[in-house]
Amino acid sequence: MKAIIIRYSEIHLKGNNKEYFESALISNLKTALKGFDLQFGRSNARYVLRNFDESLTPQIIDCVKNVFGVHSLSVAEEVPSTLEDIRAAAIALAPKRGSFKVSTNRADKRFPLHSMDLSAEIGGDVLENNSALTVNLHNPDHVINIDIRENGKTFVFRDVIRGVNGMPVGTGGKAVAMLSGGIDSPVAMYMMAKRGMSLRAVHFHSFPYTSAQAKQKVLDLAAIVKKYTLRMTVDVVSFTEIQTAIHERCPEEYMITIMRRFMMRIAEKLARINGCGAVVTGESLGQVASQTLESITSTNAVAHIPVFRPLIGFDKEEIIDIAHKIGTYETSILPYEDCCTIFLPKRPVTKPRLSAVEKVESALDVETLVQNALQNVETVVIE
């Protein structure tokens, strides 16, 4: 019978808390697999999917391998733990040519043959069945894996498919992530979700200066990120009034800095409203004017909860590589503007002093502008 074996990542390091993390991972796997007709089971430190439509195996694998906390998975033949059944399964799975070895994990110590002895025996049977094969114990082209479990069943498989590792989403707290239409912010969300954080996104939209396509682009990015976070809600905040006020009453060179401070204030308030304990941004130190140490200090000054910047030490090429890997890059580079490109100053201040920023910002009714923005939030649940 075909089965899919799922192995978890660093959960095994969690000691007395292991059960909590396992429960979260099982819940997330079941969420990812919702819609598939299959049986979900456990085999000690492994989870096993059975009784599924084998024609849907690629889709099932794609869902499982992107669940944070999954180390690897394999499509296996599950057979009774008898030498005859193991031999037949190994011969059926053996490659047609090239070099191979047999690797055995004997979790059930009642099995009469030790691991090395069983590997040698099965390897001999495979060779006898196909003289085109050769044995290479150190660098084989193929590996036939035999996993003898304690329940009287054995898994026989060849391929080990890597998962995304990390910690199960939901075990690392909740945060609001600033999601623009660029390359960086979806990657930042992915990185924090990988450490177990549940995320809710906030997007700042400046209609009519930014188009409906720009907003849809962000929702499309959120849908891609949901593949890893499993759930996604986006709060779309109207930012037009704030940007217009800054443009009319503040020096042009301070516009980006003050915009970022407003975004941080609003993100923090949304975090508190929704039970989140942090804000996540896609900033990378020195990448643009608003991401210098002085600019980040000015933005942080209005925050009263932790602000996570998982990309702070990444260069652009590293961020782009991850964006390609997670599937957000092609959407991120679509040519639809976001609110940060509106009223863009020719020479933004790169090393703003906090006292100077606060003086410039004093020309604005900050509290009223923030409250007005919060009264015009569109909440979009990504299905």
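Sequence order as written defines the numbering, with residues in each chain counted from 1. Local features are withheld for residues below a pLDDT of 70 in this predicted model, meaning they are given only at 70 or higher, and side-chain atom pairs are given and counted only at 80 or more; totals for whole chains, interfaces and linings count all residues. Side-chain descriptors were evaluated using all non-hydrogen atoms of the structure, hydrogens and water having been removed beforehand.

To be explicit about the condition: UniProt positions are given in the numbering used here, feature names are shortened, and annotations may be inferred rather than shown by experiment.
The protein chain carries the name Probable tRNA sulfurtransferase in an unreviewed UniProt entry, which gives Candidatus Fimimonas merdipullorum as its organism. Under the UniProt heading Pathway (unreviewed entry), the entry covering the protein chain gives this text: "Cofactor biosynthesis; thiamine diphosphate biosynthesis."

1. Concerning a negative patch on the surface
Stated formally: What makes a patch is a set of residues exposed beyond 30% relative accessible area and free of salt bridges, joined within 9 Å when like-charged and within 5 Å when nonpolar (Val, Leu, Ile, Met, Phe, Trp, Tyr). Throughout, the Shrake-Rupley method with a 1.4 Å probe supplies accessible areas, and for residues the shown protein chains are the sole cover considered. The rule for a salt bridge is simple: a side-chain nitrogen of Lys or Arg has to be within 4 Å of a carboxyl oxygen of Asp or Glu. We count Lys and Arg on the positive side and Asp and Glu on the negative side, and we leave His and both chain ends out. Where a charge sits is defined by one atom per residue type, namely NZ (Lys), CZ (Arg), CG (Asp) or CD (Glu). The helix and strand labels rest on DSSP assignments: H or I over at least four residues marks a helix, E over at least two residues marks a strand, and numbering proceeds from the N terminus. Residue burial is assigned from relative accessible area. The probe radius is 1.4 Å, only protein chains are included, and a residue is buried under 20% of its type maximum, exposed over 50%, and partly exposed in between.
Together, D315, E317, E318 and D321 make up a region of like negative charge exposed at the surface. Turning to its location among the elements, D321 is positioned in helix α10 (residues 316–326). Residue D321 is classed as partly exposed on the basis of its relative accessible area, which comes to 46%.

2. Brief notes about the packing of helix α7 (residues 240–249) against helix α8 (residues 255–273)
The cut-off we apply is this: Whenever a helix is involved, its axis is fitted only over the stretch in contact; in every case the axis is a line through C-alpha atoms, and angles between N-to-C directions fall within 0 to 180 degrees. Here is the rule for handedness: rotate from the far helix to the near one, and if that takes an anticlockwise turn smaller than a right angle the crossing is left-handed, while a clockwise turn gives right-handed. Two residues qualify as a contact provided that any one of their heavy atoms is within 4.5 Å of a heavy atom in the partner residue. Following the grouping adopted for this structure description, the nonpolar residues are Ala, Val, Leu, Ile, Met, Phe, Trp, Tyr, Cys and Pro, the charged ones are Asp, Glu, Lys and Arg, and the polar ones are all others, Gly among them.
Following both chains from N to C, one finds α7 and α8 inclined at 145°, their axes separated by 10 Å at the closest point. Once α7 is placed against α8, the crossing between them reads as right-handed. Together, I242, Q243, I246 and H247 of α7 and M255, I258, M259, F262 and I266 of α8 make up the contact between the two elements. Grouping the amino acids of the contact of α7 with α8 by side-chain chemistry returns seven nonpolar, two polar and no charged.

3. Overview of the environment of V377
Inspection of the secondary structure puts V377 in strand β15 (residues 377–381). Residue V377 is classed as partly exposed on the basis of its relative accessible area, which comes to 25%. C-alpha separation for the pair V377 and V225, spaced 152 residues apart in sequence, amounts to 21 Å. Beyond its immediate stretch of four places on either side in the chain, V377 contacts D235, V236 and V237.

4. Here's the deal with the sheet that holds strand β10 (residues 174–178)
The cut-off we apply is this: A pair of strands counts as paired when DSSP detects no fewer than two bridges linking them.
The strand order across the open sheet formed by six strands is β14-β13-β10-β11-β12-β15, and the pairing between neighbours is mixed. Pairing within the sheet leaves two strands with one partner each, and these edge strands are β14 (307–308) and β15. As defined by bridge partners, strand β12 (residues 233–238) adjoins β15 across five bridges and the pair is classed as antiparallel. In the sheet register, V236 faces β15, and the bridge partner there is E378. Together, β10, β11 (198–205), β12, β13 (278–280) and β14 form the strand contacts of α8, whose direction differs from that of β10 by roughly 150°.

5. Focus on the environment of L374
Mapped onto the secondary structure, L374 falls in helix α13 (residues 366–374). Considering only alpha carbons, one finds L374 and A222, 152 residues apart in sequence, at a separation of 21 Å. If near-sequence neighbours (up to four positions away) are discounted, L374 is found in contact with I266, K269 and L270.

6. A closer look at the UniProt feature "binding site: ATP" (unreviewed entry) in the protein chain
Within this numbering scheme, the UniProt entry marks M178, L179, H203, F204, R260, G282 and Q291 as carrying the feature "binding site: ATP" (unreviewed entry). Relative to the helices and strands, R260 resides in helix α8. Residue class for R260 comes out buried when judged on its relative accessible area of 13%. Aside from chain neighbours lying at most four places away, what touches R260 is M178, T281, E283, S290 and T299. Structurally, G282 can be placed in the loop between β13 and α9 (293–300). Since its relative accessible area comes to 11%, G282 is described here as buried.

7. A word on the UniProt feature "domain: THUMP" (unreviewed entry) in the protein chain
Per the UniProt entry, the sites bearing "domain: THUMP" (unreviewed entry) are residues 58–160 in this numbering. The span residues 58–160 is 33% helical and 34% strand by assignment, and the distance between its end C-alpha atoms comes to 14 Å.

8. Quick look at the packing of aromatic side chains
Under the convention used in this document: In this scheme Phe, Tyr and Trp rings, the latter by its six-membered ring, pair at centre separations within 6.5 Å, and the angle between planes marks the pair as stacked below 30 degrees, edge-to-face above 60, and tilted otherwise. In this scheme, Lys NZ or Arg CZ marks a charge over a ring once it lies within 6 Å of the ring centre and within 35 degrees of the ring normal.
On inspection of all chains with the given rule, the structure shows seven aromatic pairs. An aromatic cluster is present here, built from Y8, F40 and Y47 joined pairwise through their rings. Taking the ring centre of F21 as reference, the NZ or CZ of K14 above it sits at 5.2 Å. It is R265 that lies over the ring of F262; its NZ or CZ is 5.3 Å from the centre.

9. Focus: the pairing of β12
The cut-off we apply is this: If the strands point away from the viewer and the path from the first strand over the helix to the second runs clockwise, then the crossover is right-handed.
Of all six residues in β12, five are buried; the element is thus mostly enclosed. In the sheet, β11 pairs with β12 via five bridges, with the strands oriented parallel. Note that in β12 the partner of A201 across the bridge is V234. In this fold, the crossover linking β11 to β12 by way of helix α6 (residues 212–229) has right-handed handedness.

10. What about the layout of surface pockets?
The line we're drawing: Of the two site types, the cavity is a set of points on a 1 Å grid over the protein atoms alone where a 1.4 Å probe fits but cannot get out, and the pocket is an open set with protein on both sides within 12 Å along at least five of seven lines, each lined by residues with an atom within 4 Å of a point. Grid points are joined across faces, edges and corners, and a volume is the space filled by probe spheres set on the points.
Size it by volume and the second largest pocket reaches roughly 290 Å³. Lining the second largest pocket are 15 residues, with T31, A32, K226, L230 and R231 sitting closest to its centre. For the lining of the second largest pocket, the secondary structure elements donating two or more residues are α1 (18–32), α2 (57–65) and α6. Counting residues per element, the lining of the second largest pocket draws most heavily on α6, at three residues. For the lining of the second largest pocket, a count of residues per class yields seven nonpolar, two polar and six charged.

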